[in-house]
Amino acid sequence: MSDRGNLHIKGRVLAGPEDIRDELWVVDGRVTYERPPGTGRDTLGAEGWVLPGLVDAHCHVGLDQQGPVDEATSEKQALTEREAGALLLRDAGSPSDTRWIDDREDLPRIIRAGRHIARTKRYIRNYAHEIEPGDLAAYVRLEAKRGDGWVKLVGDWIDRGEGDLAPCWPRWALEEAIAAAHEEGARVTAHCFAENSLRDLVEAGIDCIEHATGLTEETIPLFAERGVAIVPTLVNTATFPRLARVGTKYPRWSEHMMRLHESRYETVRAAFDAGIPVYAGTDAGGSLAHGLVPAEVAELVTAGIPPAEALSAATWGARRWLGRPGLEEGAPADLLVFAEDPRADIRVLNDPRHVVLRGGVVR
């Protein structure tokens, strides 16, 4: 971590979509817009376009394809996110205890959802608590206490008897579990690829859906009415053709995954147009590498979301949704400096000139 003197950054500070300043300072690790005394102590005098640190609203620090990983691997994952400018992570399910990361000044902040909760033999091995519906509410209470205000369910997965994606939970179990989470002060999100799990989850009171490739003309208005957010993870759904090719043992499932893949951009654009909150997340940490948030923002633009809104999905809007500050007066100085305006060309996100974390220059 670099020395924490005063930092002075001039140019265009994008404190919000409509809140643009000419300069900011970092003093004692926090943002200020008031010139501090003793500017001779500045350790960085930079010019450029300033953004809050990016948000990866769906990743998995402490997890790889086989299950939990050691601390050294978790550290590499977090550092990779940091190098890509992702300074706030919503860990959407991990079997590893990563609380030690909170004590590291040089690693991103993590908002945890505890461990995945899945139906018995209906998810990836070594990832989740695998339980039956009668135990769902109890496990949700457990993970609500372990997490940082979120709980993660597996809403659907392949049912080998049907040979296709199918809901994991009956409606009554979802209602009990989501009510239990809300009583514990936690929000609930769920992994969902298919169409037929969504209505029960939303009507049971869920707060967010991950992937949401199964949204339809019937369920999109329901999401919009209830204010249920989605995190599309388009860099992940891009892998559906590969999954379909290796899953030919289940031809109905393979064909279904291909249909979901082909309609992914149209689905996200329809959700956005309907007023559903959309946030940027990558699903990194399972089969995908970390550090893909800039690519996910570009995918949202490809889907038809305007660049400024796609940027908000990984900065101001995402931070507000997660209850974390951006670049307001007195906020922790987690920010990025770019040579050009990322609103004009979203590809600029791939090359931050400087990364400042907790007031220290780490790049």
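Just above, that's the structure.
Residues numbered from 1 in each chain as written. Predicted model: local features only at pLDDT ≥ 70, side-chain atom pairs only at ≥ 80, totals over all residues. Heavy atoms only, no water.

## Remarks on the side chain of Thr98
Inspection of the secondary structure puts Thr98 in the loop between strand 8 (86-91) and strand 9 (109-112). Residue Thr98 is classed as buried on the basis of its relative accessible area, which comes to 2%. The residues contacting Thr98, other than those within four sequence positions of it, are Val61, Gly62, Ser74, Ile110 and Arg112. (Helix = DSSP H or I, 4+ residues; strand = E, 2+ residues; numbered from the N terminus. Buried < 20%, exposed > 50% of the residue type's maximum accessible area, 1.4 Å probe, protein only. Contact = heavy atoms within 4.5 Å.)

## What to know about the pairing of strand 12 (residues 150-154)
Buried residues dominate strand 12, accounting for 5 of its 5 residues. In terms of strand pairing, strand 12 meets strand 15 (residues 187-192) through 5 bridges, oriented parallel. What sits directly across from Leu153, in strand 15, is Ala190. (Pairing = 2+ DSSP bridges.)

## Here we look at the pairing of strand 16 (residues 208-211)
Bridge count for strand 15 against strand 16 is 4 bridges, and the pairing is parallel. In the sheet register, Ala190 faces strand 16, and the bridge partner there is Ile209. Of the strand pairs in this sheet, strand 16 and strand 17 (residues 229-231) are connected by 3 bridges, and their pairing is parallel. Looking at strand 17, one finds that Ile209 is bridged to Ile230. Regarding the hand of the β-α-β motif, the stretch spanning strand 16, helix 5 (residues 220-226) and strand 17 is right-handed. (Right-handed = clockwise from strand over helix to strand, strands pointing away.)

## Topic: the sheet that holds strand 9
Ordered by their spatial adjacency, 3 strands build an open sheet running 5-8-9, and the pairing between neighbours is parallel. Of all strands in the sheet, those bounded by a partner on one side alone are strand 5 (54-59) and strand 9. Each strand of the sheet is rotated relative to its neighbour by a mean of 20°, with strand direction disregarded. Direction of pairing for strand 8 relative to strand 9: parallel, over a ladder of 4 bridges. Within the sheet, the bridge partner assigned to Asp91 lies in strand 9 and is Arg112. (Axes fitted to C-alpha atoms, helices over the stretch in contact; angles between N-to-C directions.)

## A short note on the packing of aromatic side chains
Going through the model one piece at a time under the given rule, you end up with 6 aromatic pairs. Here the aromatic rings of Tyr123 and Trp157 are separated by 4.8 Å at their centres, their planes lie at 75°, and the arrangement is edge-to-face. With Tyr123 in the loop between strand 10 (117-119) and strand 11 (129-131) and Trp157 in strand 13 (residues 156-159), this residue pair connects regions lying 34 residues apart in the sequence. Each member of the pair, Tyr123 as well as Trp157, is classed as buried. One aromatic cluster is present, built from ring pairs that chain together Tyr123, Tyr127, Trp157, Phe193 and Phe240. Looking at Arg21, its charged tip hangs above the ring of Tyr33, at a distance of 4.1 Å from the centre. For Arg90, the ring lying beneath its charged end belongs to Trp150, and the centroid distance is 4.6 Å. (Phe/Tyr/Trp six-rings, centres within 6.5 Å; stacked < 30°, edge-to-face > 60°. Lys NZ or Arg CZ within 6 Å of the ring centre and 35° of its normal.)

## A word on the pattern of salt bridges
If you walk through the whole model with that rule in mind, you get 26 salt bridges. Linking Arg146 and Glu143 is a salt bridge whose minimum nitrogen-to-oxygen distance equals 3.0 Å. Residue Arg146 and its partner Glu143 are located together in helix 2 (residues 136-146), separated by 3 residues, close to a single helical turn. Using a relative accessible area of 46% as the deciding quantity, one classes Arg146 as partly exposed. For Glu143, a relative accessible area of 1% translates into the label buried. Residue Arg199 is joined to Glu203 by a salt bridge in which the shortest nitrogen-to-oxygen separation is 3.1 Å. Remark: Glu203 and Arg199 occur in helix 4 (residues 198-203); sequence separation between them is 4 residues, near one turn of the helix. Salt bridges here are not isolated pairs; linked through shared partners, they connect Arg171, Glu175, Arg199, Asp200 and Glu203. (Salt bridge = Lys/Arg side-chain N within 4 Å of Asp/Glu carboxyl O.)

## Remarks on the nonpolar core
Of all hydrophobic cores here, the largest spans 85 residues; its most connected members are Leu136, Leu153, Ile206, Ile209, Phe223 and Leu300. If one sorts the elements of this core by residue count, helix 3 (residues 171-183) sits on top with 5 residues. For Leu136, the residues in contact, after removing those within four places along its chain, are Ile117, Ile131, Leu153, Trp169, Ala173, Leu174 and Ala177. Ranked by size, the runner-up nonpolar core spans 14 residues in total, among them Leu7, Ala15, Leu24 and Ala333. (Core = buried A, V, L, I, M, F, W, Y, C linked by side-chain atoms within 4.5 Å.)

## Re unusual backbone geometry
One non-glycine residue, Thr233, lies in the positive phi region at around 45°. Tracing the backbone through its elements, the reader meets Thr233 in the loop between strand 17 and helix 6 (234-237). One non-glycine residue, Arg358, adopts positive backbone phi at about 55°. You can see Arg358 is positioned in the loop between strand 19 (354-357) and strand 20 (360-361). With relative accessibility at 8%, the residue Arg358 sits in the buried group.

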